[in-house]
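Geometric and topological summary
Each chain is listed here by its residues.
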Amino acid sequence: MKLLEEVSQYLKRLPHVPVTAQMVRKIDAHLESPQTISARRLASEHERAQGARSAVFLDPLGVPLVELEVYADRVTLQITPDHHFRSVAIARLQARDVLELPLVPLRRGRGARFF
């Protein structure tokens, strides 16, 4: 799509010729069509999801206390909404100077329990 945008901009800088103007209108109409906009959005979401990573901080029984998701330049950290486990999570986090969580590729079925 960026290539078509560049072509449109280039053609607009050329001397005005009816055939060129018609081609610019066709390119711009294509770039502004709902199908193209949807395709661009889906491609962008897919690209972002490909790089998404997640991590989970579990209690000794395997209950997820904290979940982390990383999308490109955005990090989302969520503490469990369950009141009892929330206080456990905060206490466990406060007891540490550093908490290292290995990041793994985000799988929609596994991650995002709290999100």
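Residues numbered from 1 in each chain as written. Predicted model: local features only at pLDDT ≥ 70, side-chain atom pairs only at ≥ 80, totals over all residues. Heavy atoms only, no water.

**With respect to the overall build of the protein chain**
Operational definition: Per the convention used, a helix needs a DSSP run of H or I reaching at least four residues, while a strand needs a run of E reaching at least two, with both numbered from the N terminus. Buried residues are those whose accessible area, probed at 1.4 Å on protein chains only, stays under 20% of the maximum for their type, while exposed residues exceed 50% and partly exposed ones sit between those limits. In this analysis, two residues are considered to be in contact whenever any of their non-hydrogen atoms come within 4.5 Å of each other.
If you tally the helices and strands in the protein chain, you get 4 helices and 4 strands. If you list the helices and strands of the protein chain from N to C, you get α-α-α-β-β-β-α-β. Here the protein chain, with 115 residues, has 26% of them falling under the buried criterion. Contacts in the protein chain between residues far apart in sequence, at least 24 positions, make up 51% of those at least 6 positions apart.

**A short note on the pattern of salt bridges**
Filter applied, for reference: For this analysis, a salt bridge means a side-chain nitrogen from Lys or Arg found within 4 Å of a carboxyl oxygen belonging to Asp or Glu.
This structure, assessed with the given rule, holds 2 salt bridges. For Arg40, the salt bridge is made with Glu5, and the minimal N-O distance between the two is 2.2 Å. With a gap of 35 residues between them, Arg40 in helix 3 (residues 34-50) and Glu5 in helix 1 (residues 2-13) connect regions that are remote in the sequence. A salt bridge links Asp28 to Lys12, with the nearest nitrogen and oxygen atoms 3.0 Å apart. With Asp28 in helix 2 (residues 18-32) and Lys12 in helix 1, this pair connects stretches of sequence that are 16 residues apart. By relative accessible area, which is 18% here, Asp28 ends up buried. A relative accessible area of 44% means that Lys12 is categorised as partly exposed.

**Regarding the environment of Val63**
Summarising the element assignment, Val63 is placed in the loop between strand 1 (53-58) and strand 2 (64-71). Note on Val63: relative accessible area 23%, which makes it partly exposed. Separated by 22 residues in sequence, Val63 and Phe85 place their C-alpha atoms 8.3 Å apart. The contact partners of Val63, leaving out residues within four places of it in the chain, are Phe57, Leu58 and Phe85.

**Points about the side chain of Ser8**
Put simply, the rule reads: Whenever a nitrogen or oxygen atom comes within 3.5 Å of another N or O atom, the pair is scored as a polar contact, on the condition that within protein one atom can donate a hydrogen and the other can accept it, and that pairs from neighbouring residues in sequence are kept only if both atoms are in side chains.
Looking at the secondary structure, you find Ser8 in helix 1. At 2.6 Å, the side chain of Ser8 and the side chain of Asp28 are in polar contact.

**What to know about helix 4 (residues 83-94)**
Since there are 3.6 residues in each turn of an α-helix, residues three or four apart along the chain are aligned in direction. Which entries qualify depends on this criterion: Take the number of residues in a helix, subtract one, and multiply by 1.5 Å to get its expected span.
In this model, helix 4 (12 residues) spans 17 Å end to end at C-alpha, consistent with the 16 Å of a helix rising 1.5 Å per residue. The N-cap of helix 4, judged by a side-chain oxygen 3.1 Å from the amide nitrogen of His84 a few residues on, is Asp82.

**Some words on the pairing of strand 3 (residues 74-79)**
What counts, and what does not: Between any two strands, pairing holds if DSSP finds at least two bridges.
By the criterion of burial, strand 3 is predominantly exposed, with just 0 of the 6 residues buried. As defined by bridge partners, strand 2 adjoins strand 3 across 6 bridges and the pair is classed as antiparallel. Within the sheet, the bridge partner assigned to Val66 lies in strand 3 and is Ile79. Connecting strand 2 to the next strand, strand 3, in antiparallel fashion are 2 residues, including Ala72 with a positive phi near 45°.

Nothing here speaks to function; it is geometry throughout.
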